Structure formats: structure tokens, C-alpha cells
Amino acid sequence: MSAVRHRPMAPPATGEHGDSDDNNFTDDESSPLTHDIYGGSQRTIQETKGWDVFRDPPIKIETGSTANQECLELTIKILKIFAYIFTFIIVLTGGVIAKGTVLFMTSQVRKDRKIEYCNKDLGRDKSFVVVLPEEERIAWIWALVIAYSLPEIGSLIRSVRICFFKTFTVPKMGHFLFIWLMESLSALGTALLMFVVLPQIDAIQGAMLTNCLCVIPGIFGLLSRTSKEGKRFIKVIIDLAAVAAQVTGLVIWPLLENRRELWVIPVACVMISCGWWENYVSPQSPLGIMRALGRIKEEMHYTRYFCHMFLSMWKILLFICVTMLIYWANGDEPSNLFSLYSEAFSPHKIVVYELPAGLGGVLPDTLESANIDTVDVDAAYNTAMYVLLLQIFGAYLCYIFGKFACKILIQGFSYAFPVSLTVPIAVSSLIAACGIRIDDPCFFHGTIPDYLFFTSPSNFRFNNFVTEQMAWAWILWLLSQTWIALHIWTPKCERLATTEKLFVSPMYSSLLIDQSMALNRRRDDQADVKTEDLSEIEKEKGDEYYETISVHTDRSSAPNKPSIKSSDNITRIYTCATMWHETKDEMIEFLKSIMRMDEDQCARRVAQKYLRVLDPDYYEFETHIFFDDAFEISDHSDDDIQCNRFVKLLIGTMDEAASEIHQTTIRLRPPKKYPTPYGGRLVWTLPGKTKFIAHLKDKDRIRHRKRWSQVMYMYYLLGHRLMELPISVDRKDAIAENTYLLTLDGDIDFKPNAVTLLVDLMKKNRNLGAACGRIHPVGSGPMVWYQLFEYAIGHWLQKATEHMIGCVLCSPGCFSLFRGKALMDDNVMKKYTTKPTEARHYVQYDQGEDRWLCTLLLQRGYRVEYSAASDAYTHCPEGFNEFYNQRRRWVPSTIANIMDLLGDAKRTIKINDNISLLYVFYQMMLMGGTILGPGTIFLMLVGAFVAAFRIDNWTSFHYNIVPILGFMLICFTCKANIQLFVAQVLSTCYALIMMAVIVGTALQLGEDGIGSPSAIFLISMVGSFFIAACLHPQEFWCITCGLIYLLSIPSMYLLLILYSIINLNVVSWGTREVVAKKTKKELEAEKKAAEEAKKRVKQKSMLSFLQSGIGDNDDEEGSIEFSLAGLFRCVFCTHGKTSDEKQQLTSIAESLDTIKNRIDTIESAVDPHGHHASRHNRRRTTSSGSKDHHLLSSVAEKSGDESDESDSDTSAEPKQERDFLTNPYWIEDPDVRKGEVDFLSSSEIQFWKDLIDQYLYPIDNDPVEQARIAKDLKELRDSSVFAFFMINALFVLIVFLLQLNKDNIHVKWPFGVRTNITYDESTQEVHISKDYLQLEPIGLVFVFFFALILVIQFTAMLFHRFGTISHILASTELNFCKKKSEDLTQDQLIDKHAVEIVKNLQRLQGIDGDYDNDSGSGPDRIARRKTIQNLEKARQPRRQIGTLDVAFKKRFLKLTADAENNPATPILTRRLTMRAETIRALEVRKNSVMAERRKSAMQTLGAKNEYGITTALPVNNNGAIPNPRSGRVSNAGISIKDVFNVNGGPAEQIYGSNGGGTINQGYEHVIDEDVEANSLRLTTRNPHQVSWGQNTNGNSTGRM
């Protein structure tokens, strides 16, 4: 028996455990293999014999998630480059057009404006001038009003939608009034600028002036600077200079030109700048008034939409009123704005004045005073509308593409750059245009109406632009605006950030688009989720465990400490996989996916720890597998259990999977074994030091099946491990918010990036309860080909539509991410534990558990989303029977859950913001299509037979109805295997018929033409599928399986639905079924029954009727008897048959069993706590005290426990009693490896016992209850089939009768009309007749139902594709777009590629002197392979390094910039250069880390231990000191490891194991293998114990 260790009573001496290698940071290289795990041997050196050095390294096979996607990656990078350029062009062009059109409109608003008119059409030798009529002016005024109002109307609609369909908060009255004041000032200033200022100055000056709208933001930004900012003095100086430059812009033209109306400029500009106050105030400002404004800003996060619901309308009204007031102030009648409105946008005349030659081209002040001829020309009255549309679309495209640039993280080049360039490009364009127009008034003839143009400077020449137009001052204004809006160049938002996170106001200012884009972009858009501050961690190193004492004291004692720590916001991912009967290949794919996650998490952890980078995608990771029915009866005794072959297969494939991932032979440490109340537990530590925990379920101790496994991990991880933490409720809330359960099946294949994409969705939307990825079926054969197309269409169209217009209804359990907080909500986790008591429950709850869980989340208001970029690959059924059985579960559960959701639609719409009435109608349409699917397919077959085989409707009806009714009869009367066989035969026949139908339809289309309804529908359907495939290029080849899908339509939408509904009462799983191992008694009983059956069959011969009345008395035999061929038997001198000795023994054994059962009953009554015996039927066994459990097989097996006990009474050897929580047989099974044995803490054992008692106790096989459920299920089946049959029968009857009367009831199809022309010679008349195609009733059903669904799904798919592409682009890094690698500093290069660098440095391949599998590859290098040298190297004895961080540190410590000593350091991939500067930068970081750790160690020796705790180190139940881990510590001073300590670590020491509160014991300590030796071991403070010395490596070592 392997070493089963019990809890020691006292801690052992610390001894050498206190040693720490400060320079090495962690345990030494051999630590993963230096533990007592091989039965007492210290196996540190792996020796290889000289004749056995030849290797068989794992070959990297690229399939599924690891398939070569270089082409796709290259395409995505090219697409991102295109996105950079295209977005830049659109934002810049849209901004320039919007800016230019606004200046064009304001140029026409000036009263009595005169402009030189082109003389091309009126006389080349003459000069003409135009004064714009009032109608024209009013048109442009209204254009400006409409341009201003549209974004405000958009803001109003958005606010109303959110306030009515989501939630809102009412602001305080004082706050609302302040917001109202600032918004009103902004609207008032905009009206003054548009109708007073800009019409009075030329367009170039107007464009320059728009750079002077940042006065208030500049002042507020200056006043909000805090003392914590770096280089604050310099920033304040620049702030003052920027504000001064802005102020000069306000007064320079009023002072220089001395016009009274220009003094409106400073008033208007300051008012406008009030609109962006919110972005520049801070609650941390040193000034009280700024802090007050900052508090209003924080409240605006919740009250913004309520405020804008009123402010949007108010601003539009105010803008119109101010416009009318200005119009009146200019001496005009405001009523003209309304009375002349229709004339302004309808045909009217423009009066052109001919100038006398004597004027010399100088425009007179009053044209009426001179004797001037006039010409009337038609006005281009639509010009104002065209310019308005240009302005609207230009501003909108600028805003929408700018937002897109921010979302996909290309803000610098494609947002900030074009926004900053808008005014310079506009000014340059205006200079050119105005200069050309002054020189040649006819240059724009034919493009722009001759009477319209920008207000140009008088006598403008470029050489005096600098002096007269104040170009020098404008440069200062531009620079000052750039400084005030500098934040747009340094974005901090996460991928796909919401509009609220990107912009202060959710809409834009159309008339000032570039200023709105720059000043409305949030300055404080840091991601909510960040890793903890590393410097803060380092400050807390050493005393982290002791500081936990103060963390959880009463808050009143530490009022300044925030209750939520930064570590609480770390993403925690618990992988929760359910396993049952997976094959080896499926297990390996799953394990490889977990190994990849382990490698990725380790790289991110090490990058943060040693390279000092903050990784926004960092996560904690832990894997839990829940193995259903993991035990079977042991081979040596019916009383013991052992792990079944599937568990042993998992254990055996761990090393193989790890070796394939790390491309070198890896032997993982055998798992630690834990007896548990539910069965057992195996715990591995993976190479990346994440935990891999397999929970082995014994179906006699805990409820089995997938749903109950999900209940297990929800209550364990979210209930026990989280809710029982001794921390504040705020911290629990933050942890739950950032804790995610990654639910997997045991055959899934995915990459870490797929999980990261799902986490992105979770971070983006806190209301998101679950997210699923794109599931790809894997396998071979026709059934898999069908599923390839079915899954593709289901994800491309249906899931994308659900995501876009509502919520995804099913997040499949094979690969989904659930938010812990959402699962913990009311009516979710608790309701999920509902025991099925009704027939409906078995269908809805147990047959489709993942869909029901999503239904519960939706009914609680959470959103469920789909990410098409997150790919996962799962094995799908390859056989017909397995596929049908799988869908037999899915179809009823899908219908039941959707019906449940639709039945509760009113309440769900009210509580769930994402589900609307329209979405409910869409789901009703789909549900109607599902229920009427068989009837629709039947009608389709009837019509297809008519078209393809040229038969009448009734004959076709009879041909189709007979096999379907026959199949239904077989499903009711025969066993499942016969049903499936008939379904398979019918499916084959229908596939052949469908091929004939396809050919017949093609011929019919040839006759009817491309305009026929069938042709249009078919082309639309195929076209939508093809476009969808083109938009999913990596999945394009799925469309090739479309032909199989078409051939399978009758089978899948008719036969399968009938099979599922008629077998509704069958609730078995149906897939992966295996025969359970049986006890010897069961085998003997079966053998006996088989012999009896054989005997009875033998007696029943062909002439058995002759034996009637005789030969039935088996208990009689005669002294003399004879028979003839079994026809008769003569018996003489009969007497009773002597009982067989074997039968007597059997009778005795049965009597003993009866006695034993009675004794067991008495024992359970006397000792109810002995073995949980009231519920579980496992019998306790006794065994000899022999160490080797194999000797048990030599002991003669007894018929029952009593015989064992009687033997033990007389035996001289004492026998040990077996207990399933102490020494169950399975932990001694040699196939479960020789890993150490450990035990759960008492609190966790109690948790599991309570959980099992409350929710998970095995359901007793009560025959009466089972009979009731079976009866109820049959009744449910019968009622469902009847309703289903009647609905479809009525539907078929109605449509078929309409079809029979199609000559009277049809719709003339307007397309594909045939025109027949005939000539009648007798009457010499030409007869022209038209034949219309008829849209028949069946066609109407298809067109108006399926076509509508297809249009909805195709449209939603297009929008979803755009969102997916955005997500992919946001996650794609370009090495040559932001900065080239050579342009980056070495520190920037390391920060950018930290995870990639660590992944290369932590590779296990080659760390032990291995050689690359592909070394010397290529035809020209085979002869140069160093085969013998590599074999000799492999022969050398060496210590294996089994963990990634040890491999990293081994390479990291050897880093040197000396090229001679470090010729081939694998720092970066081949795409990035490995320059000496990069290595030198890494070396600098290494030295910095080492110095910090030495300093931290010195502080730990006494300087920082402010609490002076003098307790000894805690001891875990393994009898060893748990070494503190210092790698990741929260800012609270409590490490993640301590929080989840399980076996009496620091947390237990502090709070006490029985100290009145439930202590969470979630995490297990793992000795040394997950301990970094850079953290010094802490013992009692003793100054005499401190010493410093030199170790063999020359590194300083601290000992306490």
C-alpha cells in the first residue's frame, strides 16, 4: 500500500526548509522530481543506458484548433492594414466635408450678400454680380438648424430607449440645473457662432476660429491636475500657455478689424466650450469646486440618459429660438422663416445684376443706385438639400468610423491623426478654392451654382496670407487645441469598449465635428479590470501572510482602506469539464487544450512577475473535471470499488498530452489522491503550475448525470470556495463579478485565444451572464459532413440573429463561459438543483441542461452572447443511431425550454433589457416552423413528386403518407434499434428521391425561367448561404456539404422529429453507453437465468403439444424411465427428486444474506454515522494488515461480510477496517499510480456531506416511483404526439385542399411572364396573350414564412459579421503599423512582446539538452544532422525540469548580452530580431528584479514585520510546512493562496480552525512544486537565527 499520510499532531523541525536562494527566485531545478513520490526513492537523476538512447519524440500534429492558419492570420493582418488606411481616409474626409459644408452654409446666411457671377453663359465681355434673395438665405438657415438637430434627435431616441427599456437614475435637482445651464450655454454659443460670427468673417478665418473652442476645457483641465501627476510643473506651464493661446484667438480679430459684431466671438466660443466641461473635471482635484463638479460627473454615469431625454429637445428648441432672435435682430421678420419655407425649397428665380464696364470689377455698395440691367436665372433650389445631406453623412461617417477605430484599437493613426488634420486640410483646401474662384469666377461652373460660394477674403493673395489672415496665430491655436485634446493620442480603453466608455456624450456635435470628436473622447477610459500594481505587491512582500490580520478586522478601525482590493478584480477562470465515457483521442484533445491554457497562464504570470509588465489579459486558472460513474466493482472483491477504465485512461494519457504540447517527453508527477464523500479526487500540478483536479463520482454516493455534476461545481466553486471566504461582502461581490466558469465537454479542443475572446465580451458588458463560441464538429463520414453544414448554418445565421436582435437562447455546455455572479443570482443556481418530479422536468431539465441554465439566466435579466471568433472543436456523432439518439434528447428539450420562455415572455421582456416583443415574435415564428416542419416537408414532398414524376396530387399524397404512417406505427410498437433501422432505410430512400426531386426541380426551373417563384426562392437561399460562406472564409468549405444537407431534409426534419416526439418518454442519455461491470452474484444470477431459459427452450420442441399434461412435474423422477426422441417419457415407480447439493448451498447462502441484511439494519440504527449507511449500500470490508494489498487476492473470498468477520475473530492477524473516507481500496489500485494520498479538511468534508444531503443524494430506485414517472412520461408523450399530429394534420389538410383548388385560389406572379403572339390568317389579326406563373398555396407558405425568416437571419448575420471582424481586428497585433520594432526602445519592445518572450524562454523542449525534433530538416541538410552527437547528449544523466517557470528562470538567469557566451538565446520568434540590445534590456530587468527581491528579503527579516507575530509556521495535513508563495499578492496584503488555503495554512492559523466561522479550505498546498524560493520562509522572529552566507552558486542566501 502506498504511503497514506495522516495529520501529524505537531509540526516538524524547520531544518533546511528555511533555506532560500535569493538569486534563483524559486525552487531549484530539480524540485519537481525531488519528492517522496516513488515509494521512498529520491529520484532526482534520470539515467539512460548507452544501448537505449534512441528516441521517439512526439510529432506535432496540426488538427482542429491547432490547424495551420497562417493564411487566415495573414488575411486578417492585411485586413487590419486596410482598416487603418480606410478608416483614416473616411474620418479625415468626413471631417473635412462636414467642416467645409458648414462654412459653405454659413457663407450664404449673411444678409445682402453679394458675389461675383460667372459670365460664361451671359456674356464673356461683361461682369455680373448676384445678391442672394431672402428665400435662398432662409433655405440655408433651415439647413443649419436641421444639421444641428439631427444628432440631438438621435441622442433623444437613444435616451428614451434606454430609459424606457432599461434602467435610469433621476439626478439631484441642483446637479440637473447645472447640467442644463452648461448645455444651454453650448447651444446658445453654437447659434451665435453659426448665425452671427461665421457669416461676418470669411471661410478661412471661420475654419481657423474653430480651433479656439477649448477655453473652458483648458481651464478645467489645468485646475484638475493633482500633485500625484508626474512632471506636474511642466504640464501646468504648458496648460497656461495653451489657455493663453486660446484666449488670443477670441480677441485678435475684434481688436484688429474693429467691428462691433466681432465681439460676439469670445462670447460664442466660451459658451460653446462649456459643452465639454465634464471631460475635464476630476473628483481628485485639489480645488473644492472642481471636486464638486467631479462628483456631478460621476453621477452623470447613471443619470446621463434621463437628463438628455429632456435636454435634447430643449437644445433644439433653444437653437431655433436663438436663430429667430438673431434673424429679428438683423431687421427681418421672424415669421418669414416659416412663411417662406416652402418657397425656399421650391423653384424660384435669382436676380443677376450686370455691372457697367466703368466699375472695373469692383462691386458697388448699392446696386439699386446705379442704372444696372438685371437677368433672372433659375435657382438650383435643391442645392441646400444636397449640401445638407453631404454635411449630415460626412459628420456621421466621421463619428461612426472614428468610434470603430477606437473600438478596434487603431485610435492613434485612424482617429487622433485625422481629427487633428481636419482643420489644416480644410484651411488648405479653402485657400486653394478661394484663390481659384477670385482669379476665375467660372472655374466651378457646372459643379457649384454660380451664385453660391464660400465667403472669400477680399483681394486675397497667398503671399499676404501669413500677415493678414493671422496664420502665425492660427498655428498657436491649433497647437493649443492639440495639447488640450492630447488624450486622444494615448487611449487606454479595452477592446470593443462601449460607446459610454469611449465618449462623454453618446452623440456628437454635427456642426463642429472635429472639436466634438477630440473633446468629447473620454480622458479617463482606463479598463475597469486591471492586474494589481506590481510595485505595491513588492512593498508587501515578506509580511504578506501576517498582514492578513489587519485586513479582516472591523472596518471602523481602518476607515481609509478601501474594502475592495485590486486583486479582487483579477479574472479567475475555473474550467469545469464533465466526463463520462470519452475515447482516448477525445481525452487527448481535451487535455492538450488544458495544457495550452496552463502554458499561456504561466507565461502571463511569469511576464508580470519577472519582466514587470502589466498584462490586461492576465487571468488565474484552475481545471476541474467531474467524472460521472467513475468507479466499478473491483476485480478482487465485490465489496470494494476501483476506478473504471475511463479514469485509468485519463491518468494514462496525461503524460502523452503534455508531451505533445511541449514537444518533449514529459512525465508528470503522479496525482495526489483524496478520498471524498462523493467518491474520490485526483490532483495534478501541470507544468505551468496550475491545478488539474479530477473529481471522481461514485453513483452510489452522489447523484450522477451531467446536470448534477454542474450543480457540484457551482456549489463547490461559488458556494464553498467563494461565499465562505472570511472577507467583506464588497470583496466577494467584486470577486464574483470577475470569476468565470468555463464549461467544457471531455472531448473539446480549443486555444487560449478562444477563451480570451469570450472574456473580452464579459468585460465589455457586465450584464452578460454567458458567452459561447463557434463550435466546429470533428469526425469523418456522411453524418459528420451533414453536421458540418448544419452547424455552419446554425451559427452563421441562427445564432448570429439571436445575438443581434435579442439573446442567444442556448450557450452549449461543450464550450461556454459563465459569469459566477450571474449563476449565483436568485432563481438560477438554486432553481437549477430542482429534482425532477414531473414528466416535463425530465424532458426540460435533464435532457437539455445547458439550454435550461441559459433560460434561467435570461429570465433573470442576463444577456447571453455568441462570439464567432472564438473557435472550439468537438467530436460529433459519426453513426446514424448515435446521431438520432443525440437529437432525440435535444429536440424535445429545445421545444420545452423555448415554450417555457415564450410562456413567460411578458415577465421576461420586463426584466430583460435585451429581449423585446419583436424578438419574441421571431422565436414564435421559429417555433411554429419547428412544429409545422414535418407537415411542411410532407407537403414539399407531395409537390416535388408531382413536379418530378408527373403524377397527380392524390397519387403523390398516397405515396408519401403510407411510409410516414408506417414509421409512426413502428415507433409506437417496436424497440429503439428497430425504429432506428427503419429510419435509416427510409432516410436512404428519401435521399434518392430528393436527388430525383432536385433534378426535376432544375428541369422545371428551366421551363418556368429565372423569374419563377421557385427559382427566386432557390437562388435567394443558395445565394445567402454562399455569401455567408464567403463572409466566413476559414469555414468556406462547409458549404460543400450542402448537397448532403439537402438530401437529408426529409430524414432530419420529418423522420427525426417524429422519432423524437414519439420517444419523448425515453429519458436515457442515448450516447456513449457502455455495459456496467457486474458483481459475481449478478453474474451467477444471469447464468442461472440463462440456463433456465435454455432448458425451457429445449423443452418446447416442435411437437410440444404432445407433451401437454405430462412432463411438467420437474420435482418427480422414476426408478425406471424411458423416452422416444422427446415425444414422450414413461416413468415407473415415481418418487420425489433428491435436491441437488448445489441447490442446498444456494439456499443456505440466501439465508445468510437475509441474516446479514438484518444485522446491517441493526448496525445502521445503532451507529448511524458509521458509513453513511442509510443511503449508500457500499459494504465495509476488512483486510489483513499486510502492506501489499495484492495479497488480498490470495485470501479465499467469502459469500458475505459475516464470514469475513467470523474469520477475523479466529484469525491471529488483526484486520484493518476499510472506510471510504480513510482507506478505500481505489487509492491502492496500482493503475492509479503511486501518488501520495492526502485528505480533505474537515470543513470541506462537512460541505460535501451537507451538499449531498441537501441536493445530490442518489435517487433511490423506488419501483413504485419509477412506475409512476414512466406512466407520466407516456402520458406526456401521448398528449404531445396527439397535439403535434393534429396541428400538422390540420395544416396539411388546409394547404392540400387549397392546392387542389389552385386554379381558383392562386396569386399571379408578376415575373417570368410568357407572351404568346399568334397570327390568324383568316381574320388577319394578331392575337397577343400573356401567361402568368401562378403562386400556389404551398408556394405562398414557403415565400411568406421561410423567406421572411431567411431575410431576417441574413441581415442579422451581416451585422454580426461586422462585429466579429471588429473583434478579430481589435485582437490582432501589427508589428509594423504602430511602431517598427527598431523604432521601439528595448523596454517598449519587451513590454509589447512580454508574453511571447516568456513563452519562448519557458519552453521545456531543449531545456534538458534535448535537440530539436526538426533539426537538420530539409533535403540538403539531412546528411549534416548531428545524430550521434545528439544521442550521446541524450545519454548523459541529467535532472529533468518539469515546470515552465523553472525552465524560464534557468534561461533567464543565463541571459547575457555577450554574444559569445549566449549565441542562441530563444527570446523572440523568428519574426522579431534577437538583438544584443534586447538581451541587454532583459538582463537589466533581471538584475532589477533580483535587487528588489533582496531588498524585500531584508525587510522581511524584521524591518517590515510591524505586527511582530511570533507564532510558528503552520503545518498542513501532510506533515510538512506549507511554503508561502510570494508570486502574486493582492494589494490587501493577503495572497490568493492564503485566501483559498485548505489544509491549515496561514489563513487557518489566523482565523482558527474552529473559530466560530466557516473557513474556506478550497486550495490544496502542494509542497515545493508550486513554491518560489525567492520568498523567504517565515518562522518565529528570532534575531539570533538570522545569518547570511554564500551557497555553491555564489548567490546570497537568507535564512530565518
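Residues numbered from 1 in each chain as written. Predicted model: local features only at pLDDT ≥ 70, side-chain atom pairs only at ≥ 80, totals over all residues. Heavy atoms only, no water.

Asker: Can you lay out the overall build of the protein chain for me, pointing to particular residues and giving the numbers?
Answerer: Of regular secondary structure, the protein chain possesses 50 helices and 24 strands. For the protein chain, the proportion of its 1600 residues judged to be buried stands at 53%. For the protein chain, the share of sequence-separated contacts (at least 6 apart) that also reach a separation of at least 24 residues comes to 79%. For the protein chain, the computed accessible surface area is about 72800 Å², with 59% contributed by carbon and sulfur atoms. (Helix = DSSP H or I, 4+ residues; strand = E, 2+ residues; numbered from the N terminus. Buried < 20%, exposed > 50% of the residue type's maximum accessible area, 1.4 Å probe, protein only. Contact = heavy atoms within 4.5 Å. Areas by Shrake-Rupley, 256 points an atom, 1.4 Å probe, with all protein chains shown as cover.)

Asker: How would you summarise the pairing of strand S11 (residues 691-697) if you had to cite specific residues and measurements?
Answerer: Each regular strand shows side chains that alternate between the opposite faces of the sheet. Extensive coverage of S11 is indicated by the burial of 7 of its 7 residues. By the alternation rule, side chains of S11 split into Lys691, Ile693, His695 and Lys697 and Phe692, Ala694 and Leu696, which are all buried. Note that strand S6 (residues 619-627) and S11 share 6 bridges and pair parallel. The residue bridging Phe626 from the neighbouring strand is His695, located in S11. (Pairing = 2+ DSSP bridges.)

Asker: I'd love a proper account of the packing of helix H1 (residues 70-107) against helix H3 (residues 173-200), names of residues and values included.
Answerer: It is the contact of H1 with H3, at a shortest axis distance of 9 Å, that shows an interaxial angle of 85°. Compared by their axis directions, H1 and H3 come out roughly perpendicular. Along the contact surface, H1 presents Val102, Leu103 and Thr106, while H3 presents Met194, Leu198 and Pro199. Per-class residue counts for the contact of H1 with H3 are 5 nonpolar, 1 polar and no charged. (Axes fitted to C-alpha atoms, helices over the stretch in contact; angles between N-to-C directions. Parallel < 35°, antiparallel > 145°, perpendicular 65-115°, else oblique. Nonpolar A, V, L, I, M, F, W, Y, C, P; charged D, E, K, R; others polar.)

Asker: An account of a nonpolar patch on the surface is requested, with residue identities and associated values reported.
Answerer: On the surface, a cluster of nonpolar side chains totalling about 650 Å² of accessible area is made up of Leu965, Phe1282, Phe1285, Met1286, Leu1290, Ile1294 and Leu1298. The dominant element in the nonpolar patch, judged by the number of residues it contributes, is helix H42 (residues 1263-1300), at 6 residues. Since its relative accessible area comes to 38%, Phe1285 is described here as partly exposed. (Patch = residues over 30% accessible without salt bridge, like charges linked within 9 Å, V, L, I, M, F, W, Y side chains within 5 Å. Salt bridge = Lys/Arg side-chain N within 4 Å of Asp/Glu carboxyl O.)

Asker: So what's going on with the nonpolar core? Residues and values would help.
Answerer: Counting 131 residues, the largest nonpolar core has Leu193, Met194, Phe195 and Leu209 as its most contacted members. Broken down by element, the residue count for this core peaks at 12 residues, all from H3. For Leu209, the residues in contact, after removing those within four places along its chain, are Leu193, Val197, Ile201, Gly249, Trp253, Ile265 and Cys269. Judged by nonpolar contacts, the second largest core, of 117 residues, contains Tyr678, Tyr1059, Phe1220 and Phe1291. (Core = buried A, V, L, I, M, F, W, Y, C linked by side-chain atoms within 4.5 Å.)

Asker: Explain the packing of aromatic side chains to me, using residue names and the numbers behind them.
Answerer: Following the criterion strictly, the structure yields 52 aromatic pairs and no others. Measuring from ring centre to ring centre gives 3.8 Å for Tyr845 and Trp852, while their planes differ by 15°; the resulting arrangement is stacked. Grouped by ring-pair contacts, the aromatic residues Tyr786, Phe789, Phe880, Phe883, Tyr884, Phe1025, Tyr1045, Tyr1053 and Tyr1059 constitute a single cluster. A cation sits over an aromatic face here: Arg703 above Tyr1257, 4.8 Å from the ring centre. (Phe/Tyr/Trp six-rings, centres within 6.5 Å; stacked < 30°, edge-to-face > 60°. Lys NZ or Arg CZ within 6 Å of the ring centre and 35° of its normal.)

Asker: Tell me about the state of the cysteines, residues and numbers included.
Answerer: Summed over the entire model, instances satisfying the criterion amount to 1 disulfide. The disulfide partner of Cys118 is Cys442, and the gap between their sulfur atoms is 1.9 Å. Disulfide Cys118 to Cys442: torsion about the S-S bond roughly 110°, handedness right-handed. Of this pair, Cys118 sits in the loop between strand S1 (114-117) and strand S2 (127-131) while Cys442 is found in the loop between helix H12 (411-439) and helix H13 (465-468), placing the two residues 324 residues apart along the sequence. Considered together, Cys118 and Cys442 belong to a single accessibility category, that of buried residues. The cysteine Cys307 is free of any disulfide, with Cys163 supplying the nearest cysteine sulfur at 9.0 Å. (Disulfide = S-S within 2.5 Å.)

Asker: How would you summarise the confidence of the model for the protein chain if you had to cite specific residues and measurements?
Answerer: When pLDDT is low, close inspection of the predicted coordinates is not appropriate. The share of residues in the protein chain with pLDDT of 70 or more is 72%, and the mean pLDDT across the chain is 76. Ignoring residues within four places in sequence, the model shows residues 1169-1213, a span with pLDDT below 50, making 71 contacts including any to other chains. For residues 1462-1473, every residue scores under 50 in pLDDT, and the model assigns this stretch 33 contacts once sequence neighbours within four places are set aside. (pLDDT = per-residue confidence, 0-100.)

Asker: An account of the sheet that holds strand S3 (residues 349-355) is requested, with residue identities and associated values reported.
Answerer: Strand order across the open sheet formed by 4 strands is S1-S2-S3-S4, with antiparallel pairing between neighbours. Among the strands making up the open sheet, the edge pair consists of S1 and strand S4 (374-378). Each strand of the sheet is rotated relative to its neighbour by a mean of 35°, with strand direction disregarded. As defined by bridge partners, S1 adjoins S2 across 4 bridges and the pair is classed as antiparallel. Within the sheet, the bridge partner assigned to Glu116 lies in S2 and is Val129.

Asker: I'd like to hear about the sheet that holds strand S9 (residues 672-676), residue by residue, with values.
Answerer: A sheet is described by the order of its strands in space; here 10 strands give the open sequence S9-S10-S11-S6-S5-S12-S15-S14-S16-S13, paired in mixed fashion. What marks the edges here is a single partner per strand, and that holds for S9 and strand S13 (749-750). Helix H23 (residues 752-764) rests against strand S5 (571-579), S6, strand S12 (739-745), S13, strand S14 (768-778), strand S15 (815-819) and strand S16 (863-875) of the sheet, and its axis sits at about 170° to S16. In the packing of helix H28 (residues 849-859) onto the sheet, the strands contacted are S14, S15 and S16, and the crossing angle to S15 comes to about 35°.

Asker: Tell me about the side chain of Thr756, residues and numbers included.
Answerer: Mapping Thr756 onto the fold places it in helix H23. Thr756 gets classed as buried once you look at its relative accessible area, which sits at 14%. Not counting residues up to four positions away in its chain, the partners in contact with Thr756 are Arg495 and Asp617.

Asker: Mind laying out unusual backbone geometry, listing which residues take part and the relevant values?
Answerer: We note that Gln663 has phi near 55°; this positive angle belongs to a residue other than glycine. One can find Gln663 in the loop between helix H20 (645-662) and S9. For Gln663, a relative accessible area of 13% translates into the label buried. Phi at Asn827 takes a positive value of approximately 60°, unusual for a residue other than glycine. By the secondary structure assignment, Asn827 is in the loop between helix H25 (820-823) and helix H26 (829-832). Given the relative accessible area of 48%, Asn827 is considered partly exposed.

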